[in-house]
Amino acid sequence: MTRPAWWEQGPGPDDGRGPGPARPPGGRPPVPDGGSQRPATPRPAPTTRYGGPPGWNVPPGPPPAPPRSGPRPAPRRRRPSRWRPPGAPALVGAAVVAGLVGVVLFPETLGLDERSPFVQIVAFRPQLTTITLVLALLAAFGAWRRAAAGTLVVALAVGLVSGIGAAEVAGRTVGSATVADTSGGLVVLALNTYTGLADADDLAALIQARNPDLISLPEARGDLRRRLESRLDEGQGGTGYRAYSADDADDASGMTVFVRSSLGRPTVTQDRDGTYPAIVVDLPRSAPGVASGLRFVADHPRSPKPGDTYGWVRDVGRLAQWCDADRPTIIAGDMNATADQAHFRASTANCTDAGSATGDGVTGTWPSWLPSFLGAQIDHVLVTGGPRPTGFEIAPVGGTDHRAVLARVTAG
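Residues numbered from 1 in each chain as written. Predicted model: local features only at pLDDT ≥ 70, side-chain atom pairs only at ≥ 80, totals over all residues. Heavy atoms only, no water.

### Focus: the packing of aromatic side chains
- Evaluation of the coordinates by the stated rule reveals one aromatic pair.
- An angle of 85° between the planes, with centres 6.4 Å apart, marks the rings of Tyr241 and Phe258 as edge-to-face. Placement of Tyr241 in strand 3 (residues 241-246) and of Phe258 in strand 4 (residues 255-260) is noted, with a sequence separation of 17 residues between them. The residues Tyr241 and Phe258 share a single accessibility class, namely buried. (Phe/Tyr/Trp six-rings, centres within 6.5 Å; stacked < 30°, edge-to-face > 60°. Helix = DSSP H or I, 4+ residues; strand = E, 2+ residues; numbered from the N terminus. Buried < 20%, exposed > 50% of the residue type's maximum accessible area, 1.4 Å probe, protein only.)

Pasting the structure below:
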């Protein structure tokens, strides 16, 4: 009987499982004599990554866990910040860009506000400040996300300049009172009729709906004037107005004024010292209204022509003679200037602008084909000498490139 090979007898004495023959040299077991078995092919040494008795094929397992009492792993290092302080070129660029924006928004700081193109551009300061402020904020946000310190400095500088302009404009938007919200006093209407092309029916309907006491209509002439007179003259069954007019050779120089008949028969004169004639209406002292001996001036300064602003400077400067008068006065008409132009502010320093005083000083009155928030408020009602504005309204009228302005004026 053939004795079993050593691997059939179980583990050897070293592993505690009983006796067994020693492994022959070379690791190959003996082959029985006369046996028909083929010689055993040597097996590759088993992979024992993590230990075990010789000859045992221990499958690999996870690496041993580090001892609990061992040292803690080193803390993960934080990534260095991408921010770098802005260099000198970025600071210089910010100063230059902010300076250019400041010249556009505040040309009066360099005495450029009475010259083209600044006199035309600054009339749209509310829109420009809004656009530059929004762009500066967007640029600053993008620079912050990209850690671009140079771009951030430029954006902040532009935002600071435009923010100053926005704060100044915002002062003319605080509060609001329309003509219909108040009662008492006088209602004043002003509309540039665009050389008489305004729709007479629209204008007459507006007058009959708002019942203004004093009406200033620059450039109202010809057929428009006659059609309005037929509707508003007290002798034609209208609402009871007296009409006064002044013409000149220039087609755009006409001026028409309507005065409610209940105010009495006024003293009316023409002032032709400006480019276009103005009509001065002195109401009788017995007239009911905001003050005794009220003066109403319908004026129309020349527009600032590109490359020729001398006439505009002269005509706007003449507004001071009405605002500085020592008597109750209302000035109404197309002033061809906004409260953002320093020359207009200086000339009307002693007057109160009805639009700005009632919180509606940035709504555009020209051009009428643009949305009102994109236009310029160049039509005004100004008061001085005691009366004060308590309501303001802007209304559309067909056929003209202006919107009408209405203001309610009461005793101071």
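### Regarding helix 1 (residues 88-105)
- Taking 1.5 Å per residue, 18 residues should reach 26 Å; helix 1 reaches 26 Å between its end C-alpha atoms and fits that length.
- The set of residues buried in helix 1 consists of Ala90, Ala94, Ala98, Val101, Gly102 and Leu105. Looking straight down helix 1, one finds that the buried residues subtend no more than 100° of arc, so they occupy a single side. Opposite the buried face of helix 1, at more than 90 degrees from it, the exposed residues are Ala88, Pro89, Val92, Ala95 and Leu100. (Expected span 1.5 Å × (residues − 1). Arc of directions from axis to C-beta.)

### Considerations on the sheet that holds strand 11 (residues 388-395)
- One open sheet accounts for six strands, arranged 3-4-2-1-12-11; its pairing is mixed. Whereas interior strands pair on both sides, the edge strands pair on one side only; in this sheet they are strand 3 and strand 11. If you compare each strand with its neighbour and ignore which way they point, the axes differ by 15° on average.
- Direction of pairing for strand 11 relative to strand 12 (residues 404-410): antiparallel, over a ladder of seven bridges. Across the sheet, Glu393 pairs through a bridge with Leu406, a residue of strand 12.
- Along the sheet, helix 5 (residues 200-210) contacts strand 1 (186-190), strand 2 (214-218), strand 3, strand 11 and strand 12; its crossing angle with strand 1, the most-contacted strand, is approximately 165°.
- Across the sheet, helix 6 (residues 222-232) is in contact with strand 2, strand 3 and strand 4; its angle to strand 4 comes to roughly 5°. (Pairing = 2+ DSSP bridges. Axes fitted to C-alpha atoms, helices over the stretch in contact; angles between N-to-C directions. Contact = heavy atoms within 4.5 Å.)

### Quick notes on the nonpolar core
- Residues Val188, Leu214, Val259, Phe296, Ile330 and Val381 are the most contacted members of the largest nonpolar core, which totals 28 residues.
- With residues near it in sequence (within four places) discarded, Ile330 still touches Val188, Leu294, Arg295, Phe296, Val297, Val381, Leu382, Val383 and Val409.
- By size, the runner-up hydrophobic cluster in this structure holds 22 residues, among which are Ala204, Ile215, Val397 and Leu406. (Core = buried A, V, L, I, M, F, W, Y, C linked by side-chain atoms within 4.5 Å.)

### Section: the sheet that holds strand 7 (residues 295-298)
- Across the sheet, which stays open at both edges, the six strands sit in the order 5-6-7-8-10-9 with mixed pairing between neighbours. The outermost strands of the open sheet, each flanked by one partner alone, are strand 5 (267-271) and strand 9 (352-353).
- For strand 6 (residues 278-282) and strand 7, the ladder comprises four bridges, and the chain directions are antiparallel. Along strand 7, the bridge assignment pairs Val280 with Val297.

### Considering unusual backbone geometry
- Here the residue pair Ser116 and Pro117 is connected by a cis peptide bond, since its omega of 0° sits within 30 degrees of zero.
- Residue placement: Pro117 occurs in the loop between helix 1 and helix 2 (118-121).
- The omega torsion across Trp366 and Pro367 is -10°, close enough to zero to call that bond cis.
- Following the sequence through the fold, Pro367 ends up in the loop between helix 10 (354-357) and strand 10 (379-384).
- In this structure, Tyr194 is a non-glycine residue whose phi angle is positive, near 60°.

### Section: the environment of Thr358
- Structurally, Thr358 is set in the loop between helix 10 and strand 10.
- Sequence separation of Thr358 and Glu393 is 35 residues, and the distance between their C-alpha atoms is 9.6 Å.
- Among the polar contacts listed, one links the side chain of Thr358 to the backbone oxygen of Gly355, at a separation of 3.4 Å. (Polar contact = N/O pair within 3.5 Å; in protein donor to acceptor, adjacent residues only side chain to side chain.)

### Quick look at the side chain of Thr400
- By secondary structure assignment, the location of Thr400 is in the loop between strand 11 and strand 12.
- Of the polar contacts made by the side chain of Thr400, one reaches the backbone nitrogen of His402; its length is 3.2 Å.
- With residues near it in sequence (within four places) discarded, Thr400 still touches Leu191, Asn192, Thr193, Tyr194, Ala198 and Ser368.

### Re the pattern of salt bridges
- Throughout the structure, instances matching the rule amount to 15 salt bridges.
- Between Asp308 and Arg302 there is a salt bridge, with the nearest N and O atoms lying 3.6 Å from each other.
- In this structure, Asp315 engages Arg314 in a salt bridge whose closest nitrogen and oxygen atoms are separated by 3.3 Å.
- Connected through shared salt-bridge partners, Glu108, Arg125, Glu168, Arg172, Asp340 and Arg345 make up one network. (Salt bridge = Lys/Arg side-chain N within 4 Å of Asp/Glu carboxyl O.)

### Notes on helix 5
- Those residues of helix 5 that fall on the buried side of the exposure criterion are Ala200, Leu203, Ala204, Leu206 and Ile207. One side of helix 5 carries all its buried residues, which in axial view fall inside an arc of 160°.
- Along its buried surface, helix 5 packs onto strand 1, strand 2, helix 6, strand 3, strand 11 and strand 12.
- Measuring from the side-chain oxygen of the N-cap residue of helix 5 to the backbone nitrogen of Asp201 gives 3.0 Å; that N-cap residue is Asp199.
- Phi turns positive, to about 55°, at Asn211, one or two residues after helix 5.

### Comments concerning the pairing of strand 5
- Taken together, the five bridges between strand 5 and strand 6 define a ladder with antiparallel strand orientation. Bridge pairing in strand 6 links Val268 to Val281.
- Where strand 5 folds back onto strand 6 in an antiparallel hairpin, the turn is made up of six residues.

Everything listed here is a matter of geometry and, on its own, says nothing about what the molecule does.
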